[in-house]
Amino acid sequence: VCVNSLTYDAMASWNSYAATFPLRRSSLISAKYVLLYVLVSGAAVVMLLVGIPFSQFAGITYGECAGTVAACWGMGLFSGSLNLLLCTKFGVKKAQTLAMLSFLAPFGCVMLLYYLTQKGIIDLGHVTERQLYLVIAGLAAATVACSLFFWRLSCRIFQKQDLT
């Protein structure tokens with residue numbers, strides 16, 4: 001949805017029109033990132049509301065359900081933020097191929113971790129639930145930090161663009 005809003009902005013030449021308003025350029029980019037945070041967080045809440053009741057039937061603990069939701073939230077936020085940065089830098093059309101990679105990169109990391117645990121290279125059997133929650137919280141903090149970094153870069157890039 002965030003990238004679609006950038007596409008519609010480009011088609012309607014919104015940026016040149018928005019430049020006439022008494023707005024800072026960073027507020028135009030910030031609006032896209034706020035939309036991303038709202039959508040990804042809303043999806044996480046829906047996943048929790050649906051996942052917790054169904055976790056009883058699947059034999060999954062509430063902690064596992066919350067961990068899965070947190071991982072999905074983090075991957076969505078990271079991918080979406082990186083995608084917005086790429087679209088700001090290269091334009092929506094040029095960034096389409098790179099945007100696909102921004103969604104595949106976190107997925108590839110998860111698949112690599114799964115492969116390494118299945119082969120016994122990484123043993124997660126001795127990890128306590130508390131340690132797992134600390135790792136999830138650390139990854140969430142790192143994701144937010146990356147997203148803020150991508151936002152800051154997007155603002156700097158957009159600041160230098162010619163909107164005419």
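A quick note: this is a predicted structure, and the numbers were derived from the prediction, not measured.

## Section: a positive patch on the surface
Together, Lys 89, Arg 152, Arg 156 and Lys 160 make up a positively charged patch on the protein surface. Among the elements that line the positive patch, the one with the most residues is helix H6 (residues 129-160), at three residues. By the secondary structure assignment, Arg 152 is in helix H6. Judged by relative accessible area, Arg 152 falls into the partly exposed class, the value being 41%.

## What about the confidence of the model for the protein?
Atom-level detail of predicted coordinates should not be read off regions where pLDDT is low. On average, residues of the protein score 84 in pLDDT, and 98% of them reach the 70 mark or higher. By mean pLDDT, helix H1 (residues 2-11) is the weakest element of the protein at 73, and helix H3 (residues 25-58) is the strongest at 89.

## A look at the side chain of Ser 26
Position of Ser 26 among the secondary structure elements: in helix H3. Under the relative-accessibility criterion, Ser 26 is labelled buried at 17%. What Ser 26 contacts, discounting residues up to four positions off in sequence, is Cys 155 and Gln 159.

Calculation notes
Residues numbered from 1 in each chain as written. Predicted model: local features only at pLDDT ≥ 70, side-chain atom pairs only at ≥ 80, totals over all residues. Heavy atoms only, no water. Patch = residues over 30% accessible without salt bridge, like charges linked within 9 Å, V, L, I, M, F, W, Y side chains within 5 Å. Areas by Shrake-Rupley, 256 points an atom, 1.4 Å probe, with all protein chains shown as cover. Salt bridge = Lys/Arg side-chain N within 4 Å of Asp/Glu carboxyl O. Lys, Arg positive; Asp, Glu negative; His and termini not counted. Charge placed at Lys NZ, Arg CZ, Asp CG, Glu CD. Helix = DSSP H or I, 4+ residues; strand = E, 2+ residues; numbered from the N terminus. Buried < 20%, exposed > 50% of the residue type's maximum accessible area, 1.4 Å probe, protein only. pLDDT = per-residue confidence, 0-100. Contact = heavy atoms within 4.5 Å.

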